[in-house]
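Report on the structure
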Amino acid sequence: LHSFPTRRSSDLSALHSQGKGTRIPRSECWLLRFCPGTEWKGSLKVVAAPYRKEIMRVIILGNAGAGKSTLARKLMGQEKASRLSLDEVAFQGSAQRRPLQDSIDDVKRWIDGQESWIIEGCYADIMESILDFCDELIFLNPGVDACLAHCRTRPWEPDKFRSREEQDSNLDNLLAWVATYETRKDEYGLLRHIALFDSFAGRKREFPLPSEYDSIP
């Protein structure tokens, strides 16, 4: 019989999950003989940690023109994730808001069908009911002037408007609506957004400057 120096399997699992190759003496690697992604380097065995897919469940909150959709696309470029704009469930092509519970139910059904996801919008009443599903809340709060400037330079959004001309025809109404952000007391206004942000006990970040958005990993 041969005797082997041993480590507990839990210790080896911890080493194997550090996110980078771990060098373990050959005599101690017998427990890892079934481990994929390993190779010998002299008398040492290099154990390659398995790839771990990052799960993203993020809610992005802010005024229209704050940069929510732009940030969502940036995050999706880093990790594969599905995106939902709450405009899609709040109105569904109608000029009138749908019943709140119908919108909430649709969002929850959508979440059930996703692994990684990003939800963005200005609807504090909908977000309040789904905060428990997210791992991080990001609040974009660059100020009304920045939001107005972003709206004026916004490219055509074919998912919302049939043509650039249709989008431009709605610009004056949008600017007037965005300008009231700091004085509104409904679910679209700054006061409700701050209250929602403060109520969330999980990971959360507020960005008051668009220049800070590039630092968001």
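Residues numbered from 1 in each chain as written. Predicted model: local features only at pLDDT ≥ 70, side-chain atom pairs only at ≥ 80, totals over all residues. Heavy atoms only, no water.

**Quick word on the overall build of the protein**
The following threshold applies: What counts as a helix is a DSSP run of H or I of at least four residues, what counts as a strand is a run of E of at least two, and both are numbered from the N terminus. Buried, partly exposed and exposed residues are distinguished by accessible area as a fraction of the type maximum, computed with a 1.4 Å probe on protein chains only: under 20%, between the cut-offs, and over 50%, respectively. Whether two residues are in contact is decided by their heavy atoms, any of which lying within 4.5 Å being enough. Working definition of accessibility: Shrake-Rupley area with a 1.4 Å probe, residue cover restricted to the visible protein chains.
For the protein, the helix and strand inventory stands at nine helices and eight strands. Per-residue burial for the protein yields a buried fraction of 41% across its 217 residues. Within the protein, contacts between residues at least 6 apart in sequence are counted, and of these 63% link residues at least 24 apart. Looking at the protein as shown, the accessible area adds up to about 12700 Å², and 52% of this sits on carbon and sulfur atoms.

**Some thoughts on the nonpolar core**
In plain terms, the rule: Definition used in this section: a nonpolar core is a set of buried Ala, Val, Leu, Ile, Met, Phe, Trp, Tyr and Cys residues joined via side-chain atoms within 4.5 Å.
Counting residues in each nonpolar core, the largest one holds 50 residues, and the members touching the most others are Ile-59, Ile-60, Leu-86, Val-107 and Ile-119. With residues up to four places along the chain from it excluded, the contact list for Leu-86 reads Val-107, Ile-119, Glu-120, Gly-121, Tyr-123, Ile-126 and Met-127.

**Section: the pattern of salt bridges**
Selection rule: Any carboxyl oxygen of Asp or Glu within 4 Å of a side-chain nitrogen of Lys or Arg constitutes a salt bridge here.
Using the criterion set out here, one finds 12 salt bridges in the structure. The residue Arg-57 makes a salt bridge to Asp-135 at a minimum N-O spacing of 3.7 Å. On the criterion of sequence distance, the pair formed by Arg-57 in strand β4 (residues 57–62) and Asp-135 in the loop between α5 (124–127) and β7 (136–140) is long-range, its members being 78 residues apart. Residue Arg-57 is classed as partly exposed on the basis of its relative accessible area of 28%. Relative accessible area serves as the criterion here: at 41%, Asp-135 is assigned to the partly exposed category. Residue Glu-120 is joined to Arg-83 by a salt bridge in which the shortest nitrogen-to-oxygen separation is 2.7 Å.

**Let's talk about the packing of helix α6 (residues 144–152) against helix α8 (residues 171–179)**
Between two packed helices, both the angle of their axes relative to each other and the distance between the axes serve to describe the pair. Condition: Axis geometry follows a simple rule: fit a line to the C-alpha atoms, using only the stretch in contact for helices, then measure angles between N-to-C directions, giving values from 0 to 180 degrees. Roughly parallel means an angle under 35 degrees; roughly antiparallel, over 145; roughly perpendicular, 65 to 115; everything else is oblique. Left-handed describes a crossing in which the near helix is turned anticlockwise from the far one by less than a right angle; the clockwise case is right-handed. Under the scheme applied, nonpolar residues are Ala, Val, Leu, Ile, Met, Phe, Trp, Tyr, Cys and Pro; charged residues are Asp, Glu, Lys and Arg; polar residues are all the others, including Gly.
It is the contact of α6 with α8, at a shortest axis distance of 9 Å, that shows an interaxial angle of 165°. Between α6 and α8, the interaxial angle falls into the category roughly antiparallel. Here α6 and α8 pass one another in a crossing that is right-handed. Facing α6, whose interface residues are Val-144, Cys-147, Leu-148, Cys-151 and Arg-152, α8 presents Leu-171, Leu-174, Leu-175, Val-178 and Ala-179. The residue makeup of the contact of α6 with α8, split by class, is nine nonpolar, no polar and one charged.

**Here's the deal with the packing of aromatic side chains**
Put simply, the rule reads: Working definition: a ring pair exists when centres of Phe, Tyr or Trp rings (six-membered ring for Trp) sit within 6.5 Å. Plane angles under 30 degrees give stacked, over 60 give edge-to-face, the rest tilted.
Using the criterion set out here, one finds four aromatic pairs in the structure. Taking the centre distance of 5.6 Å and the plane angle of 75° together, the rings of Tyr-123 and Tyr-188 count as edge-to-face. Here Tyr-123, found in the loop between β6 (117–121) and α5, pairs with Tyr-188, found in the loop between α8 and α9 (190–199); they are 65 residues apart in sequence, far enough to count as distant. Across this residue pair, the class does not change: Tyr-123 and Tyr-188 are buried.

**Digging into the environment of Ala-66**
Inspection of the secondary structure puts Ala-66 in the loop between β4 and α2 (68–78). For the pair Ala-66 and Pro-210, spaced 144 residues apart in sequence, the C-alpha to C-alpha distance is 8.1 Å. Those residues in contact with Ala-66 that lie beyond four places of it in its chain are Leu-140, Pro-142, Cys-147, His-150 and Tyr-213.

**What about α6?**
Burial in α6 covers these residues: Val-144, Ala-146, Cys-147, Leu-148 and Cys-151. Residues of α6 that are buried in the fold lie against α8.

**Comments concerning the sheet that holds β4**
The following threshold applies: When DSSP finds two or more bridges between two strands, those strands count as paired.
Taken in spatial order, the five strands make up an open sheet running β5-β6-β4-β7-β8, and their pairing is parallel. The strands lining the two open edges of the sheet, one partner per strand, are β5 (82–85) and β8 (203–207). Each strand axis lies, on average, 15° off the axis of its neighbour in the sheet, ignoring direction. Pairing analysis gives five bridges linking β4 to β6, with the strands arranged parallel.

**Quick notes on the side chain of Asn-63**
Quick note on the threshold: The definition of a polar contact used here is a pair of N or O atoms within 3.5 Å, where within protein one atom must be able to donate a hydrogen and the other to accept one, and adjacent residues in sequence count solely through side-chain atom pairs.
Relative to the assigned elements, Asn-63 resides in the loop between β4 and α2. Taking the relative accessible area as the measure of exposure, Asn-63 reaches 2% and is therefore buried. Side-chain polar atoms of Asn-63 contact the backbone oxygen of Val-178, separated by 3.4 Å. If sequence neighbours within four positions are ignored, Asn-63 has contacts with Lys-68, Leu-140, Cys-147, Trp-177, Val-178, Tyr-181 and His-193.

**Thoughts on the confidence of the model for the protein**
Detailed conclusions should not be drawn from predicted coordinates in areas where pLDDT is low. Our working definition: Looking at any residue, its pLDDT shows the predictor's confidence there, from 0 to 100.
Mean pLDDT for the protein: 81, with 76% of residues reaching 70 or above. Low pLDDT, under 50, characterises residues 1–38; the stretch is placed with 58 contacts to residues that sit more than four places away or in other chains. Segment residues 43–52 is flagged for pLDDT under 50; beyond a separation of four residues in sequence, or across chains, it makes 38 contacts in the model.

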